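Chains, contacts and geometry: an overview
Okay, here's what each chain looks like letter by letter:
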Amino acid sequence: MSTGACIVGIGETEYCRKPGSGLSQLGLQLKAALHAIADAGITPAEVDGIMPFPNLGRAEEFAANLGCTNLRFASTIHMGGAAPAASLGAAAAAVEAGLAHYVLLPAGWNGYSGSRARQTIAEDVSSIPGGAIARDFYMPHGFTAPPQWYAVMARRHMHEYGTTAEQLGSIAVAMRTHAQRNPRAVMHGRPLTLEDYLASPMLADPYRVFDCCLETDGAAAVVVTTAERARDLRCDPVRILASACGQPYPADEITNRKDIFQTGLTIAAPEAFGRAGVTPADVDFAMIYDCFTFELLQQLEEVGFCPRGEGGAFVEEGRINLGGSLPVNTHGGLLSEAHVLGMGHIVEAVKQLRRECGDRQVVDSEVGVVTGWGDFGDGSIAILAR
Amino acid sequence: MSAYMKPLPELSGLHGEFYGFCRSGELRFQKCDSCESWRHVPRELCAECGSWDWSWHASSGRGKIFSWTVIDRALHPDFADDVPYAAVIVEMDEGVRLLSQVVDIEPERLEIDLPVEVVFDPVTDEVTLPRFRRAQI
Ligand SMILES: [Zn+2]
């Protein structure tokens, strides 16, 4: 059964890859939150639920700065980049159960100027699941950071299914091409060709520099409430048909999974589609968490947009491009718009369903999917509709 | 000998026991006393059958490369002088997989299913890391 909750407000800061937004990590998120609250047409005092992104702020400080004088629901889903899409489900449940009327989901960071994204996780390895495992069995061998952890999955996929560098490159090029229609994108005005991609330096083979997400400053936020309350608000509500999350097994260790390609999405996607009452074939667009090119491909397969092993052909045929059968990340994604921890993917999905996307609008879009990927492959999915 | 500056495992608990065997030149993994499943990384009980009973058993030391990545740009400052270096996942004959490095295989010669065998790399007086080389037979 689908939820009756809706996204009724979206907000973003500018996205940039230069020092000097002048705002702290919290300040950026407050700015995005205020835009989302204004977009919803409510006041900060009406926000009585907050779900901060893991390790990027506490509900108490959001509430104290915004003037949320009646905070009743505060919770964080600890799934890294999978948190925003997973939090939509928790926020929907909260408003439907009456735990809160309006739940704010903020996310943002100084991922460029704060240097945090570029640092190794050596110092904060304890913040990932199985921190002691990474510390004792990965770090001593120089297996220290996400592109390396995921590169071994990409390599194995290339071995088992013949996935090629050109296919991964076609994802990077598609994201960059989409960003050319998004003036907010950091890579707007900077197109990329497959030749550019193939010529870019290796980072962690098979990952080149252009397989990797951007590091940017910026924040985004959304507001969730019930369909009943949404009726009186200023924007067209976007319905949260379903949201689900899951974990690979084991979630705290990458190398010993019987099925190395299984992610949390493998479990979450069928559950979400079942509850939403739709199938992958009904989906008009998808915002896929694109921390790295292969992870986008892998999630296409695990959601069920194509069978496992056929993701390479799927992307190479241009099916994820605007105008293709399943446009993916029409904003440019983490690869070419900005790294807003997955909240940007939800914001873009809402814009598509409100049909506010201008020349990157997916025509007649009715149903869209947003996914999240975090930590060692935790996954989430939200199915949204007009 | 100059000080070893790279990250080291903490030598406590089950992880410490694993590295204690490495220091004496043995690669050992946990094996369930009840259902005889091998496991790595160390766990408190057997996720296959639920048994708390287990023992450390010697590995053959042999396996094959399951996957790898060649790291051309270090994302941790302590490895900056090592690039390019390969991090490999080795699938041991016992079925468990281990993240490690190879010592005698050029990055461009790596391939999936390449047979390898363990060697021991005493990086400090206290810590010996298990590494892998091309299988000798
Ligand atoms: Zn057992």
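Described in the following lines is the structure provided in the data block. What you see is a predicted model, and the numbers here were worked out from it, not measured in a lab. (Residues numbered from 1 in each chain as written. Chains lettered and ligands numbered in written order. Predicted model: local features only at pLDDT ≥ 70, side-chain atom pairs only at ≥ 80, totals over all residues. Heavy atoms only, no water.)

**Details of the sheet that holds strand β2 (residues 38-39) of chain B**
All names here are of chain B.
- What the three strands build is an open sheet, ordered β2-β1-β3; its pairing is antiparallel. Across the chains shown, the open sheet's two edge strands, defined by having one partner strand only, are β2 and β3 (54-58).
- Alignment of strand β1 (residues 28-32) against β2, held across two bridges, turns out to be antiparallel. Considered in β2, the bridge of K31 is made with W38.
- Here helix α1 (residues 13-23) sits on the sheet in contact with β1 and β3, set at roughly 25° to β3. (Pairing = 2+ DSSP bridges. Helix = DSSP H or I, 4+ residues; strand = E, 2+ residues; numbered from the N terminus. Contact = heavy atoms within 4.5 Å. Axes fitted to C-alpha atoms, helices over the stretch in contact; angles between N-to-C directions.)

**Here's the deal with the coordination of the zinc ion**
Residue and element names in this part refer to chain B.
- For the zinc ion, the full set of protein donor atoms is C32 (SG), C35 (SG), C46 (SG) and C49 (SG), at a range of 2.3 Å.
- Mapped onto the sequence, the residues coordinating the zinc ion show the spacing C-x2-C-x10-C-x2-C. Within this pair, whereas C35 is found in the loop between β1 and β2, its partner C46 is found in the loop between β2 and β3, the two being separated by eleven residues in sequence.
- Judged by relative accessible area, which is 32%, C35 ranks as partly exposed. (Donors = N, O, S within 2.8 Å, 3.2 Å for Na, K, Ca; no water. Buried < 20%, exposed > 50% of the residue type's maximum accessible area, 1.4 Å probe, protein only.)

**Here's the deal with the interface of chain B and chain A**
- The partner chain A presents 37 residues to the 39 residues of chain B that form the contact.
- The interface formed by chain B and chain A holds three salt bridges in total.
- For the salt bridge of K258 of chain A with E48 of chain B, the shortest nitrogen-to-oxygen distance reads 3.1 Å.
- Between the two partners, chain B and chain A, sit 20 residue pairs in polar contact (both at pLDDT 80 or more).
- Elements with a minimum of two residues in the side of chain B that touches chain A: α1, β4 (62-71), β5 (85-92), β6 (97-101) and β8 (128-134) of chain B.
- The element contributing the most residues to the side of chain B that touches chain A is β4 of chain B, with six residues.
- Here the residues of the side of chain B that touches chain A are counted per class, giving 24 nonpolar, seven polar and eight charged. (Salt bridge = Lys/Arg side-chain N within 4 Å of Asp/Glu carboxyl O. Polar contact = N/O pair within 3.5 Å; in protein donor to acceptor, adjacent residues only side chain to side chain. Nonpolar A, V, L, I, M, F, W, Y, C, P; charged D, E, K, R; others polar.)

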